[in-house]
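Letter by letter, the chains look like this.
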Amino acid sequence: MDHVKLTSDKPNPRVCGGCTACCTVYPVAALNKKAGVTCQHVCETGCAIYSTHPQECKTYECLWRSNHLGTDEDRPDKSGVIFGSNFDQELGLILYAQEFREGSIKKLMPLIQSIARCNLVYLAYCHNKNNVVMGPMNRATQLSEFLEAKNVAFQSQ
Ligand code: SF4
Ligand code: SF4
């Protein structure tokens with residue numbers, strides 16, 4: 001479980017530095033920015049409107065930035081994958097790994113497998129092809145409706 005700190009403790013957060021991956025990968029409703037389109041406010045230092053950027057930008061933090069997983073080298077712009085989490089009332093915590101450079105999830109598989117020994121991880125590949133959920137086998141039954149609705153397969157760890 002090296003480089004994975006998925007506890008309720010809040011480790012010292014990192015800084016985004018030169019990464020602006022989420023400013024392209026995710027939509028920003030307040031700016032009418034669509035997923036996959038680079039925000040018009042991205043600049044060399046990060047965000048050109050940092051002091052006034054929308055609330056959804058202020059509150060967003062990927063799991064690399066919050067320092068919950070990965071090494072410094074796994075920063076999303078370098079790794080090609082953004083890790084995040086969602087909390088579902090029935091399923092509990094589901095992590096997701098959103099790939100935005102083809103082949104990047106494959107390179108991070110050792111880290112993802114170590115996370116999936118104890119957690120559910122939704123792997124969202126580029127172009128949304130062959131998405132899969134990885135996790136402990138004892139969660140598969142509980143997940144069945146979710147998997148069916150999303151039309152994804154389950155891989156046990
Ligand atoms: S993907 Fe993470 S590290 Fe990169 S800019 Fe967004 S919050 Fe910062
Ligand atoms: S407003 Fe700034 S933080 Fe928000 S998506 Fe655009 S560049 Fe990123």
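For clarity, every value in this text was computed on a predicted model and none was experimentally measured.

1. Quick word on the site of ligand 2
Around ligand 2, a shell composed of Cys23, Val28, Cys39, His41, Val42, Cys47, Ile49, His53 and Cys57 is seen. Across the shell around ligand 2, the residue classes tally to 7 nonpolar, 2 polar and no charged.

2. A short note on the domain arrangement of the chain
In terms of domains, the chain is made up of domain 1 (18–59) and domain 2 (61–157). Placing the centre of domain 1 and that of domain 2 at their C-alpha centroids yields a distance of 23 Å. With 5 residues of domain 1 in contact, the opposing surface of domain 2 contributes 7 residues. A class-by-class count of the residues in the side of domain 1 that touches domain 2 yields 4 nonpolar, 1 polar and no charged.

3. Structural notes on the environment of valine 133
Of note, valine 133 is situated in strand β6 (residues 132–135). The buried category is assigned to valine 133, around which 23 C-beta atoms lie within 10 Å. Linking valine 133 and threonine 20, residues 113 residues apart in sequence, is a C-alpha distance of 26 Å. Not counting chain neighbours up to four residues away, the residues in contact with valine 133 comprise Leu120, Val121, Tyr122, Leu143, Leu147, Val152 and Phe154.

4. Quick word on the nonpolar core
Grouped together as the largest cluster of nonpolar side chains are 26 residues, with contacts concentrated most on Ile82, Phe83, Ala97, Ile112, Ile115 and Val121. Going through the elements one at a time, α1 (22–25), β3 (81–88), β4 (92–99), α5 (109–116), β5 (120–124) and β6 are the ones with two or more residues in this core. Two domains each put at least three residues into this core: domain 1 (18–59) and domain 2 (61–157).

Basis of the calculations
- Residues numbered from 1 in each chain as written.
- Chains lettered and ligands numbered in written order.
- Predicted model: local features only at pLDDT ≥ 70, side-chain atom pairs only at ≥ 80, totals over all residues.
- Near = placed C-beta within 6 Å.
- Nonpolar A, V, L, I, M, F, W, Y, C, P; charged D, E, K, R; others polar.
- Domains from an automatic or database assignment.
- Contact = placed C-beta atoms within 7 Å.
- Helix = DSSP H or I, 4+ residues; strand = E, 2+ residues; numbered from the N terminus.
- Buried ≥ 20, exposed ≤ 12 C-beta atoms within 10 Å, placed from the backbone.
- Core = buried A, V, L, I, M, F, W, Y, C linked by C-beta atoms within 7 Å.

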